[in-house]
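Each chain, letter by letter, is given below.
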Amino acid sequence: MADPPGCCSTCATCLLCPYSCQWITAKKEKRKGLRTTKYDCSWFLFLFCVFLFTLVWLYFAIIILNDFHNFNEFIFRQKKLWLDWSLVLLIATAVLISYSSVLLVLALCLQLCGQPLKLHWVHKVLLILTALVVAAAFTGLGIKWAEEWRSAWISLQATGPFLHIGAVGGMTLLAWPLASFIYRTRSTGLRVFVLLVYCAAMIALYLAPLGITSPCIMEENQLPPKPALVGHRGAPMLAPENTLMSLRKAVDCDVQVFETDVMVSADGVPFLMHDEELTRTTNVQAVFPERAALNSTAFNWTDLQQLDAGSWFLERRPFPTVQNLSPGDRQEAAEQRIPSLEQALEAAKHSNLSIMFDLRPENHSDYQNFVNVTLGVILQSGIPLQQVLWLPDGFREDVKQQAPGVHHVYGRKRVENEKEPVLHVNLPYQDMSSEEIRQYRQDNISVNLYVVNQPWLFSVLWCSGVSSVTTNACQVLKEMEHPIWLLPSSTYFMIWIVVDCVSFLIIIWAFVLMKKCSRRRRPAESETDVLLTKINSLMQE
């Protein structure tokens with residue numbers, strides 16, 4: 001294995017203490033026997049794998065932030081506990097990636113200085129725990145939130161070119177400690193194996209762009225129009241969801257459609273509410289504690305009007321933007337009440353805003369009556385029917401007969417040999433590929449995808465040609481006048497070639513430089529060994 005050449009006491013102490021938990025001086029006799037063994041190399045390899053594992057998890061954690069509000073709502077429905085779990089996720093991930101990164105940097109510096117890689121047992125245990133925690137996180141993600149794997153795949157269309165550059169840069173920097181290791185290692189077989197693995201990895205990285213595809217690799221004149229914005233329950237980052245204030249804030253964000261959820265009270269009044277229970281978005285536990293667990297449809301309209309539908313927004317702060325609200329907005333939010341569908345339609349009509357809604361709960365025994373009551377309110381409101389986008393699938397044919405002007409939006413993809421062509425679809429953004437979006441656009445089918453909050457995701461869907469997106473972050477997407485990045489294929493090809501060539505030259509330079517350093521070091525080490533041997537002989541005499 002590698003010989004440990006001399007190193008100053010300060011460097012040895014600074015590097016070995018945190019890595020090996022040993023106080024080492026530069027005196028050779030005190031370092032005698034401390035060599036990097038195959039066992040130590042195996043732990044370094046494990047450290048490198050754990051670092052990559054946590055790095056991949058960090059990427060996933062950043063990607064799933066787009067959908068994390070759904071996770072917060074899920075936890076609240078299960079445990080009745082509200083917390084922004086995204087902060088917990090990011091803090092825990094930052095701790096894991098920081099720990100493995102620091103250890104890896106220490107190990108690489110030790111290798112460059114020729115110090116032994118004696119990883120302390122405490123670090124070994126912590127690395128194993130880190131690997132188990134990340135593995136558990138990935139397992140839980142696959143079981144409970146499997147659609148996020150598709151989100152990660154979509155994200156590669158936005159990040160693929162930059163991940164390639166970053167990976168090439170990182171592997172290029174590894175050339176220095178790798179060259180140092182190869183020139184110091186006595187085992188020819190190990191040197192050949194490590195070098196072959198490194199070369200195979202670099203070749204794969206150099207050719208990776210052949211498999212990278214992104215809708216944003218296009219000419220500027222090919223960019224489709226910016227997708228229209230659909231306010232998910234209004235503007236829920238700026239106002240309590242499914243309230244008239246949220247509708248008005250959505251109008252201020254240039255939203256074209258107000259997406260909401262409708263339920264029907266026990267006395268037949270349609271009102272805006274997403275959850276089947278009222279506990280998350282009202283103070284029902286304080287006003288009607290004995291009925292708080294009942295379905296929203298079990299309350300009559302008089303009871304519903306007694307509930308505060310805004311204070312929870314200020315207390316729980318479902319989004320970080322809540323803390324930036326002005327005093328006037330805070331006062332208005334605290335005064336919000338559950339709006340009826342009639343009130344929402346009136347506000348939408350005056351704002352020239354379309355309204356799209358689900359009718360819940362779909363499995364209710366009186367669902368047909370819900371449809372009829374809701375349709376009656378729409379027809380009596382006087383709103384132009386072309387501004388109404390009907391999502392519920394139940395009794396859709398009856399709706400078409402009674403209100404032929406209503407636009408019907410389907411929560412599925414089109415199928416062959418349909419009796420009536422599908423003109424509007426509303427799907428999760430994970431369910432449609434860029435190719436399908438382009439094909440639907442060519443066939444004049446309007447595609448709305450939900451829920452899109454992050455600019456990177458909005459950019460990918462914009463480049464793909466989606467018609468509209470449902471979003472919580474209308475105030476963010478409104479300000480985007482262009483996708484985050486747009487590259488002509490010729491420009492990307494040039495970047496690819498330049499990055500690969502520069503990387504190759506740096507690697508060659510690193511190996512040449514380390515070879516010269518190793519040659520200069522060997523005579524000095526030989527002379528030192530001879531001198532130490534003579535001194536030892538004289539002392540014995």
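Quick caveat, the model's predicted, so the values are computed rather than measured.

### As for the pairing of strand β2 (residues 257-264)
1) Next: Counted residue by residue, β2 has eight buried out of eight residues, so it is predominantly covered.
2) Next: Of the two faces of β2, the one holding Val257, Glu259, Asp261 and Met263 and the one holding Phe258, Thr260, Val262 and Val264 are both buried throughout.
3) Next: As paired elements, strand β1 (residues 228-232) and β2 share three bridges and run parallel to each other. What sits directly across from valine 230, in β2, is valine 257.
4) Next: Both β2 and strand β4 (residues 354-359) contribute to a ladder of six bridges, which runs parallel.

### Things to note about the state of the cysteines
1) Next: On inspection of all chains with the given rule, the structure shows one disulfide.
2) Next: Linked covalently through their sulfurs, cysteine 216 and cysteine 463 form a disulfide whose S-S length is 2.3 Å. Across the S-S bond of cysteine 216 and cysteine 463 the torsion is about 95 degrees, and the bridge reads as right-handed. Linking cysteine 216 in the loop between α8 (188-207) and β1 with cysteine 463 in helix α18 (residues 455-464), this pair joins segments that are 247 residues apart in sequence. Both residues of the pair, cysteine 216 and cysteine 463, belong to the buried class.

### What about the environment of phenylalanine 76?
1) Next: Here phenylalanine 76 lies in helix α3 (residues 68-79).
2) Next: Taking the C-alpha atoms as reference, phenylalanine 76 lies 9.4 Å from threonine 279; in sequence the two are 203 residues apart.
3) Next: For phenylalanine 76, the residues in contact, after removing those within four places along its chain, are Leu81, Trp82, Thr279, Arg280 and Arg316.

### Description of the domain arrangement of the chain
1) Next: Here the chain is partitioned into domain 1 (9-214 + 489-520) and domain 2 (228-273 + 325-478).
2) Next: Measuring from the centre of the C-alpha atoms in domain 1 to the corresponding centre in domain 2 gives 44 Å.
3) Next: The partner domain 2 presents 13 residues to the 13 residues of domain 1 that form the contact.
4) Next: A buried area of about 1,200 Å², summed over both sides, lies between domain 1 and domain 2, and 48% of it is on carbon and sulfur atoms.
5) Next: For the domain 1 face of the interface with domain 2, the top three residues by lost area are Asn66, Arg150 and Ile154, together amounting to 45%.
6) Next: For the interface between domain 1 and domain 2, the tally reads two salt bridges.
7) Next: In this structure, arginine 233 engages glutamate 73 in a salt bridge whose closest nitrogen and oxygen atoms are separated by 2.9 Å.
8) Next: The interface formed by domain 1 and domain 2 holds nine residue pairs in polar contact (both at pLDDT 80 or more) in total.

### Side note on the UniProt feature "domain: GP-PDE" (unreviewed entry) in the chain
1) Next: Listed under "domain: GP-PDE" (unreviewed entry) in the UniProt record, and renumbered for this structure, are residues 227-481.
2) Next: A helix fraction of 34% and a strand fraction of 16% characterise residues 227-481, whose end C-alpha atoms lie 11 Å from each other.

### Considerations on the packing of helix α2 (residues 38-63) against helix α6 (residues 147-173)
Relative orientation and spacing of two packed helices are given, respectively, by the angle between their axes and the distance between those axes.
1) Next: Orientation of α2 relative to α6, taken along the N-to-C sense of each, is 110 degrees, at an axis distance of 10 Å. The pairing of α2 with α6 is recorded here as roughly perpendicular in orientation. Across from Tyr59, Phe60 and Ile63 in α2, the residues of α6 making contact are Glu148, Trp149, Ser151, Ala152, Ser155, Leu156, Thr159 and Leu163.
2) Next: Residues belonging to the contact of α2 with α6 are distributed by class as follows: seven nonpolar, three polar and one charged.

What counts and how
- Residues numbered from 1 in each chain as written.
- Predicted model: local features only at pLDDT ≥ 70, side-chain atom pairs only at ≥ 80, totals over all residues.
- Heavy atoms only, no water.
- Buried < 20%, exposed > 50% of the residue type's maximum accessible area, 1.4 Å probe, protein only.
- Helix = DSSP H or I, 4+ residues; strand = E, 2+ residues; numbered from the N terminus.
- Pairing = 2+ DSSP bridges.
- Disulfide = S-S within 2.5 Å.
- Contact = heavy atoms within 4.5 Å.
- Domains from an automatic or database assignment.
- Buried area = accessible area lost by both parts, 1.4 Å probe.
- Salt bridge = Lys/Arg side-chain N within 4 Å of Asp/Glu carboxyl O.
- Polar contact = N/O pair within 3.5 Å; in protein donor to acceptor, adjacent residues only side chain to side chain.
- UniProt positions renumbered as here; feature names shortened; annotations may be inferred.
- Axes fitted to C-alpha atoms, helices over the stretch in contact; angles between N-to-C directions.
- Parallel < 35°, antiparallel > 145°, perpendicular 65-115°, else oblique.
- Nonpolar A, V, L, I, M, F, W, Y, C, P; charged D, E, K, R; others polar.

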